[in-house]
Amino acid sequence: MTGDQETGATAGPAPCDALLSTGDIVHLRPATAQDRVELLALHESLSPESLYLRFLSVGSQSARVYVDTLARPPTSGHLALVAVFQGRIVGVAGYERATDPDEAEIAMVVGDALHGRGIGTLFLEHLAHAARVKGLRRLVATVLWENRRMLEVFACSGMRHSRTLKDGVVDVVIPLTVEEALLQAVDERERQAQVRSLERVLRPRTVAVVGASRRRGTVGRAVVHNLVTEDFAGAVYPVNPHADAVGGLPAYPSVRDLPRQVDLAVLAVPAHDVAQVMRECGEQAVHGVVVLASGFADTGTPGEAAQQQLVGLARAAGMRLIGPNCLGLLNTDPQVRLNATFAPTSPPPGAVAMLSQSGGLGIALLERAATLSLGVSSFVSIGNRADVSPNDLLLWWEQDVHTRLVVLYLESFGNPRKFARIARRLSRTKPIVAMKGGRSSAGSRAARSHTAAAATPAVVVDALFRQAGVIAVESLGELFDVVTVLAHTRVPGGSRLAVVGNAGGPGILAADAAAAAGLQVPELSAAAQQRLRALLPPGAAVANPVDTVAVATAEQFAAAVATAAADTAVDAVLAVLTPVPMTSMDELRAETLREAGRAGKPVLMSTLGQSAAVTVATAPGSAVPSFATPEAAVRALGRVAAYGARQRRPVGDIPALPDVDTAAVRLLATDFLARHPTGGWLGGSETTRFVAGYGIPTVPTERVSSADDAVTAATRLGPTGDVRPRRRVHRPARRPRLQPVAPDRPRRRGHGQHRARRPAPARLPRRAAGRRRRP
């Protein structure tokens, strides 16, 4: 599906846009009486073969009768869907409830020109889901044996089905159960469709810059400059009605005047001109559009309608839309070399893919990546994410051979469930490091005015990232700490850390930070400790943390790092380098780098006194992240180690939950959303009913409005949650206990005598008669 819409087995009969196997966009919606003329035209355009396979005749009478049944309003036993492609109906499908109340018969037809693009499969997925929601258990179909295309639709759908052949007719029965094979088939179709739809956006052969200016310092001029200086592998066409040339390239008055079809158009025009330019792009079959201008949903309600207009124009023309209110995109693949941004800094090629919902933060990401020598495979700024979303790009990066690590800065989620499903699968092979902006109330308010981001509670974001296997960070500094570790070291095989330093204090700080980061600092093996004693000067601590003492030479320090890395009791090493007068810091770094390159485990450095928070120390065959503080190094390594631990856990299977009452939960959610169209938090009783529908036990609760009611409810519920009223049991008053007199107190009686403890005063009743307690 385009944007953040759900696909296939989870989509309902409501109107939606879907991607075909070719990457084109088709609109699916219920059929209406107004569609009758177009539906008749569709059937009249069918070839004689298609008519025969569908109606067992080549005449038009059967088609007319069928069209009349489709034009009826949808009911619980009837549904018809149409597929609209480039403004016209190209297919229709529906089901009718059979005599058996548990099953319905389906039928569909697709125009001859669009066979093989996946429309039939989309029809089947959507009809099956709609029938499942209505309580149906089976779909049935009668297909001629010659109709191989229709039989192939059933075979490739991922739905378990049975076939019975008799007299040249195949009876097909499809149980409406959601199985793992179906979900995998839907995911695979979605992945292929998304990749194809973004192919000519992220790997274009031709780019037009509409609004290209000759004036330096303008956005349009900056985009042209970046395309030219980065040596874009395709053709660049500046569009400016008032110039003959821009940046040394011939300029054209409008998109209609371009000499060839354009894959990607970058719109650097004011917001009020964007819609008209997009219409021109649609007429010229442009495949993708990047809208840089702000002034749409980021401005609130007035701009939301304008943004929806852009989405409608893009979907109608089959274009993918990035933005609006964005920085642009780049792809460093040597076969593409695309920099369609107005960022002042271009990062080196590499394996890190970046997504930023904020254009300004996107510039900071690119500049910091260049500073840290983090090679970037591609970068996309999505702004208001009106169409192309993080979910779409995760699917792209999943198949991109140039991407090994994904970095996300998000301010909102379009479809959290879909994000979790895709990210969980992607993070198994490529780490995802994400930072969510707008976690506080003030941040959420700023995000809404920045990129029209909807607020998401921080606890929900944390749970979502944890469930999806995403490495979540809380600051921009921590983001680059973690990315630097992932980009320049391997993921540790466990959480055991060895700390090697030439001073005691920093090693202690590192050990304390390790405990907070979920890492262990175990004692080194006896063999490793014995070797360290032989290597290091007297007085060195060799258990872990290892303190080589300040007089250790650079060679001795590096040997200690190598010894710790070789110990089977640890999974990673942190070398903490403190400036001391006895040893040159440059020599310490050089020798440590040399040994780190030979180690088979991750080695990090903390160089106290370095100016940058994190750098990458390099030597032939070695690149080691170096942090200004040991705490930052340990915190980043802890994030990476936790990711590695998750990678080593078995994937598991989706359990069958027969006690889940999905219908009751769906009814509750539908009723709540009908009363709260923009969403909201469920009340106490609604929450209890919601989780109970999924078989989750809850403690009995009662809502009260006063202290007296609370006392009564607590008495009725009881301490164990038993709702049965509890009978009071009369117990006789206890006799006063005897206590020995304290020996240091003056004795008023003889030695060894006891006195009775003064009985406690009687407790007052809970509420005095005639007097009301305040709640």
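Each residue is numbered by its place in its chain's sequence as written, counting from 1. For a predicted model such as this one, the threshold for reporting local features is a pLDDT of at least 70, and the threshold for listing and counting side-chain atom pairs is 80 or more; totals across whole chains, interfaces and linings nevertheless cover every residue. Only hydrogens and water are set aside when side-chain values are computed; all heavy atoms of the structure are taken into account.

Engineer: I'm lost on the packing of helix H16 (residues 504-516) against helix H20 (residues 630-648) in this one. Help?
Structural biologist: Axis angle and axis distance: for two packed helices, these are the angle between their axes and the distance between the axes, and together they describe the pair. H20 packs onto H16 with a crossing angle of 30° between their chain directions and a minimal axis gap of 9 Å. Relative to H20, the element H16 is oriented roughly parallel. Here H16 runs over H20; the crossing is right-handed. Seen from H16, the contacting residues are Pro506, Leu509, Ala510, Ala513 and Ala514; seen from H20, they are Pro630, Glu631 and Val634. A fitted line through C-alpha atoms represents every axis, and for helices the fit uses only the stretch in contact; the resulting angles, taken between N-to-C directions, go from 0 to 180 degrees. Think of it this way: any DSSP run of H or I at least four residues long counts as a helix, any run of E at least two long counts as a strand, and we number them from the N terminus. When an angle is under 35 degrees it counts as roughly parallel; over 145 it counts as roughly antiparallel; between 65 and 115 it counts as roughly perpendicular; any other value is oblique. Left-handed describes a crossing whose near helix is turned anticlockwise from the far helix through less than a right angle; right-handed describes the clockwise counterpart. Any two residues whose heavy atoms approach within 4.5 Å are treated as being in contact.

Engineer: Would you take a moment to explain the side chain of Ser381 for this structure?
Structural biologist: Its location among the elements puts Ser381 in strand S19 (residues 376-381). For the exposure calls, accessible area comes from a 1.4 Å probe over protein chains only, and a residue counts as buried if that area is under 20% of its type's maximum, exposed if over 50%, partly exposed in between. Residue classification places Ser381 among the buried residues on the basis of a relative accessible area of 0%. In protein, a polar contact requires one atom able to donate a hydrogen and another able to accept it; more generally it is a pair of N or O atoms within 3.5 Å, and residues adjacent in sequence count only if both atoms are side-chain atoms. Of note is the side chain of Ser381, whose polar atom sits 2.9 Å from the backbone nitrogen of Leu327. Setting aside anything within four residues of it in sequence, one finds Ser381 in contact with Ile322, Cys326, Leu327, Gly328, Ser356, Ser358 and Gly359.

Engineer: Would you mind showing me how to read the pattern of salt bridges here?
Structural biologist: It is possible for side chains of opposite charge to pair when their charged atoms get near one another. What makes a salt bridge here is a side-chain nitrogen of Lys or Arg within 4 Å of a carboxyl oxygen of Asp or Glu, nothing more. Enumeration over the complete set of coordinates arrives at 34 salt bridges. Where Glu188 meets Arg191, a salt bridge forms, and the shortest distance between an N and an O atom there is 2.4 Å. Taken together, the residues span about one helical turn, with Glu188 and Arg191 both in helix H6 (residues 180-202) at a distance of three residues. Taking the relative accessible area as the measure of exposure, Glu188 reaches 30% and is therefore partly exposed.

Engineer: Which parts of the structure should I look at to understand the sheet that holds strand S22 (residues 471-473)?
Structural biologist: Strand pairing in a sheet relies on backbone hydrogen bonds, with the paired strands running either antiparallel or parallel. Two strands pair if DSSP finds at least two bridges between them. One open sheet accounts for seven strands, arranged S17-S16-S19-S18-S20-S21-S22; its pairing is mixed. If you trace the sheet from one side to the other, it starts and ends with strand S17 (338-341) and S22, each paired once. Strand-to-strand twist across the sheet, computed as the mean angle between neighbouring axes with direction ignored, equals 15°. Of the pairings in the sheet, the one linking strand S16 (residues 328-331) to S19 comprises three bridges and is antiparallel in character. Bridged to Leu330 within S19 is Phe379.

Engineer: Sorry if this is basic, but what is going on with the side chain of Asn415 here?
Structural biologist: Structurally, Asn415 can be placed in the loop between strand S20 (405-410) and helix H12 (416-426). Here Lys418 takes part through its backbone nitrogen, which lies 3.1 Å from a polar atom of the side chain of Asn415.

Engineer: Would you take a moment to explain the sheet that holds strand S8 (residues 169-175) for this structure?
Structural biologist: Read from one edge to the other, the open sheet built from eight strands follows the order S1-S2-S3-S4-S5-S6-S8-S7, with strand pairing classed as mixed. Each of the sheet's edge strands pairs with one partner strand only, and the pair in question is strand S1 (16-19) and strand S7 (162-166). On average, each strand axis in the sheet is inclined to that of its neighbour by 25°, with strand direction left out of account. Bridging between strand S5 (residues 103-110) and strand S6 (residues 138-144) involves three bridges; their strand directions are parallel. Bridged to Glu105 within S6 is Val140. Docked against the sheet, helix H5 (residues 148-156) engages S5, S6, S7 and S8, running at close to 150° with respect to S6.

Engineer: Looking at this structure, I do not really get the nonpolar core. What am I missing?
Structural biologist: Here is a general trend for soluble globular proteins: nonpolar side chains tend to be buried in one another's company. Ranked by internal contacts, the top residues of the largest apolar core, which has 51 residues, are Leu329, Leu394, Trp397, Leu408 and Phe419. If we skip the residues at most four places from it in the chain, Phe419 touches Asn391, Leu394, Leu408, Leu410, Phe413, Leu464, Phe465 and Val470. Definition of nonpolar core: a set of buried residues of the types Ala, Val, Leu, Ile, Met, Phe, Trp, Tyr and Cys, connected through side-chain atoms within 4.5 Å.

Engineer: When you look at the packing of aromatic side chains in this model, what are you seeing that I'm missing?
Structural biologist: Aromatic ring pairs are defined here through the distance separating the ring centres and the angle between the ring planes. Classification of ring pairs uses Phe, Tyr and Trp, with its six-membered ring standing for Trp, and accepts pairs whose centres are within 6.5 Å; under 30 degrees between planes counts as stacked, over 60 as edge-to-face, and the remaining range as tilted. Within the structure shown, the criterion is met by four aromatic pairs. Here the aromatic rings of Phe690 and Tyr694 are separated by 5.8 Å at their centres, their planes lie at 55°, and the arrangement is tilted. Comment: the charge-over-ring label is applied if NZ (Lys) or CZ (Arg) is within 6 Å of the ring centre and within 35 degrees of the ring normal. Directly above the ring of Tyr66 sits Arg54, whose terminal nitrogen or CZ lies 4.5 Å from the centroid. Lying over the aromatic face of Phe480, Arg368 brings its terminal NZ or CZ to 5.2 Å of the ring centre.

Engineer: Help me out: how do you make sense of the confidence of the model for the protein chain in this one?
Structural biologist: Predicted coordinates in areas of low pLDDT are best not read in detail. Chain-level pLDDT for the protein chain is 87 on average; 88% of the residues reach the 70-or-more range. pLDDT is defined as a per-residue confidence score from the predictor, taking values between 0 and 100. Low confidence marks residues 721-732, where pLDDT is under 50. Its contacts with residues over four positions away, or in another chain, come to eleven contacts.

Engineer: Please clarify how helix H3 (residues 61-70) should be interpreted in this entry.
Structural biologist: Each turn of an α-helix holds 3.6 residues, which means side chains three or four residues apart point in the same direction. Looking at H3, one finds that the buried residues are Ala63, Tyr66, Val67 and Leu70. Burial along H3 is one-sided: seen end-on, the buried residues are contained in an arc of 100°. The directions from the helix axis to the C-beta atoms form the arc being described.

Engineer: How do you make sense of the pairing of S8 when you look at a structure like this?
Structural biologist: For a regular strand, side-chain orientation follows a simple rule: the groups alternate between the two sheet faces. Burial along S8 is one-sided: the residues Val170, Val172 and Ile174 are buried and none of Val169, Asp171, Val173 and Pro175 is. Where S6 lies against S8, seven bridges are found, and the strand directions are antiparallel. Looking at S8, one finds that Thr142 is bridged to Asp171. Pairing of S7 with S8 involves five bridges; the strand directions are antiparallel.

Engineer: Just to check I follow, could you spell out the pairing of S1 for this structure?
Structural biologist: The side-chain alternation of S1 yields two buried faces, one formed by Cys16 and Ala18 and the other by Asp17 and Leu19. The sheet contact formed by S1 and strand S2 (residues 25-30) spans four bridges and is antiparallel. Bridge pairing in S2 links Asp17 to His27. Hairpin connection from S1 to S2: five residues lie between these consecutive antiparallel strands, with Gly23 at a positive phi of about 90°.

Engineer: Is there a simple way to explain a nonpolar patch on the surface in this structure?
Structural biologist: Residues form patches when they are more than 30% accessible in relative terms and have no salt bridge. Like charges link within 9 Å. Nonpolar side chains (Val, Leu, Ile, Met, Phe, Trp, Tyr) link within 5 Å. Only the protein chains shown count as cover for residues, and all accessible areas are computed by the Shrake-Rupley method using a 1.4 Å probe. On the surface, Val459, Val460 and Trp681 cluster together into a nonpolar patch covering about 370 Å² of accessible area. On the secondary structure map, Trp681 appears in the loop between helix H21 (662-675) and helix H22 (684-692).

Engineer: Can you help me understand H16 in this one?
Structural biologist: Multiply 1.5 Å by the residue count of a helix minus one, and that product is the helix's expected span. Between its first and last C-alpha atoms H16 spans 19 Å; for 13 residues at 1.5 Å apiece the expected length is 18 Å, and the two agree. Where H16 is concerned, the buried positions are Pro506, Gly507, Ala510, Ala513 and Ala514. In a view along the axis of H16, the buried residues occupy a sector of 125°, so they form one face of it. Across H16 from its buried face, at more than 90 degrees, point the exposed residues Ile508, Asp512, Ala515 and Ala516. Buried residues in H16 make contact with strand S23 (497-501), strand S25 (572-577) and H20. The first or second residue beyond H16 is Gly518, which carries a positive phi of 85°.

Engineer: Would you mind showing me how to read the packing of helix H18 (residues 554-566) against helix H19 (residues 585-598) here?
Structural biologist: At their nearest, the axes of H18 and H19 sit 8 Å apart, and the two run at 30° to each other. The angle between H18 and H19 falls in the class roughly parallel. Read as a crossing pair, H18 and H19 show a hand that is right-handed. Taking contact as the criterion, the partners of Ala554, Glu555, Phe557, Ala558 and Ala562 in H18 are, on H19, Glu587, Leu588, Glu591, Thr592 and Glu595. Each residue gets one of three labels, nonpolar for Ala, Val, Leu, Ile, Met, Phe, Trp, Tyr, Cys and Pro, charged for Asp, Glu, Lys and Arg, and polar for the others, Gly among them. Residues of the contact of H18 with H19, tallied by class, amount to five nonpolar, one polar and four charged.

Engineer: Explanation requested: unusual backbone geometry in the structure shown.
Structural biologist: Across the chain, the bulk of peptide bonds are trans and the bulk of non-glycine residues have phi less than zero. Put simply, Gly323 and Pro324 share a cis peptide bond, and its omega is -5°. Tracing the sequence through the fold places Pro324 in the loop between strand S15 (320-322) and S16. Backbone torsion omega between Asn544 and Pro545 reads 5°, so that peptide bond is classified as cis. The topology assignment puts Pro545 in the loop between helix H17 (526-535) and strand S24 (546-547). Located in the positive-phi region is Ser373, a residue other than glycine, with phi close to 55°.

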